[in-house]
Amino acid sequence: AQSVAQPEDQVNVAEGNPLTVKCTYSVSGNPYLFWYVQYPNRGLQFLLKYITGDNLVKGSYGFEAEFNKSQTSFHLKKPSALVSDSALYFCAVIPLDGSGNTGKLIFGQGTTLQVKP
Amino acid sequence: DVKVTQSSRYLVKRTGEKVFLECVQDMDHENMFWYRQDPGLGLRLIYFSYDVKMKEKGDIPEGYSVSREKKERFSLILESASTNQTSMYLCASSFSGHEAFFGQGTRLTVV
């Protein structure tokens, strides 16, 4: 079955420190990969995506993500965390079928990021 | 800006009622989605539509149906609401292969 795993329910970091939120996937082919963020009482916002090309992609608010095909991972990173980065983060994939992408978007269970002053 | 609008932010319904959740997008996206969000379970796909009148079951379609008669509108129907359908429901739309845009969500409580 196609799935996305975020192994950590919560990640705690101190402000100014680097952060990593982990994501691994299990889908066939070369999927499209996404990160979304959800602030309290807000809808989901798109952060960044990987389609092809450079394994390191940059997105909104200083976030970046590294695609690793051999490890089927797409970890979200930021060099220096801010308190305002505290939110719920979701990894998502679009699996590709034999004729191309399906458009069907599958999410992981989410990771709560807590950045402390 | 892309806008995905869900008809209600909060909804309270009684067990056994038929419930309609409406979603409208204004970007001519071919794909539309309904998810439910529960703590610790992330976003689980209920149904996905890739064109008018076309639909595909997601991971948890039981107890739900959908309707897409027009490209911009995607409706989620709870045929007979039950308390275990109390949840946050999120609608989204996208072009194939691109990021999805989400509505603000409908928090449904079934009593």
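Keep in mind that this is a model prediction, so the values were computed, not measured.

1. Describing the environment of B:Arg73
All names here are of chain B.
- Tracing the sequence through the fold places Arg 73 in strand E8 (residues 73-78).
- Among the residues examined, Arg 73 registers a relative accessible area of 38% and is labelled partly exposed.
- Residues Arg 73 and Gly 97, 24 residues apart in the sequence, show an inter-C-alpha distance of 20 Å.
- With residues up to four places along the chain from it excluded, the contact list for Arg 73 reads Glu 22, Cys 23, Val 24, Met 32, Ser 67 and Arg 68.

2. Points about the nonpolar core
- The biggest cluster of nonpolar side chains holds 29 residues, and the ones touching the most others in it are A:Trp35, A:Leu47, A:Leu48, A:Phe74, A:Leu76 and A:Tyr89.
- Those elements giving two or more residues to this core turn out to be strand E2 (10-14), strand E3 (19-21), strand E5 (32-38), strand E6 (44-50), strand E8 (64-68), strand E9 (73-78), strand E10 (87-94) and strand E14 (111-116) of chain A.
- Element by element, the count of residues in this core is highest for E10(A), at four residues.
- B:Val19, B:Ile46, B:Leu76 and B:Ala81 belong to the second largest nonpolar core, which has 20 residues in total.

3. Observations concerning the pattern of salt bridges
- Summed over the entire model, instances satisfying the criterion amount to ten salt bridges over all chains.
- Close ionic contact of B:Glu56 with A:Lys104 constitutes a salt bridge, the shortest N to O distance being 3.3 Å. Taken as a pair, B:Glu56 in strand E6 (residues 54-57) and A:Lys104 in the loop between strand E12 (100-101) and strand E13 (106-107) lie in two separate chains rather than in one.
- Here A:Lys104 falls in the buried class, since its relative accessible area comes to 16%.
- Where B:Lys71 meets B:Asp28, a salt bridge forms, and the shortest distance between an N and an O atom there is 3.3 Å. Of this pair, B:Lys71 sits in the loop between strand E7 (64-70) and E8 while B:Asp28 sits in the loop between strand E3 (19-25) and strand E4 (31-38), and the two are 43 residues apart along the sequence.
- Through salt bridges that share partners, B:Arg36, B:Asp38 and B:Arg44 make up one connected network.

4. Some thoughts on the sheet that holds strand E1 (residues 4-6) of chain B
Residues and elements named next belong to chain B.
- If you walk across this open sheet you meet the four strands as E1-E3-E8-E7, and the pairing is antiparallel. For this open sheet the edge positions go to E1 and E7, each flanked by a neighbour on one side alone. The average angle at which neighbouring strand axes cross in this sheet is 20°, direction not considered.
- By the bridge criterion, three bridges tie E1 to E3 in an arrangement that is antiparallel. Looking at the pairing, Gln 6 lines up with Cys 23 of E3.

Reading guide: rules and limits
Residues numbered from 1 in each chain as written. Chains lettered and ligands numbered in written order. Predicted model: local features only at pLDDT ≥ 70, side-chain atom pairs only at ≥ 80, totals over all residues. Heavy atoms only, no water. Helix = DSSP H or I, 4+ residues; strand = E, 2+ residues; numbered from the N terminus. Buried < 20%, exposed > 50% of the residue type's maximum accessible area, 1.4 Å probe, protein only. Contact = heavy atoms within 4.5 Å. Core = buried A, V, L, I, M, F, W, Y, C linked by side-chain atoms within 4.5 Å. Salt bridge = Lys/Arg side-chain N within 4 Å of Asp/Glu carboxyl O. Pairing = 2+ DSSP bridges. Axes fitted to C-alpha atoms, helices over the stretch in contact; angles between N-to-C directions.

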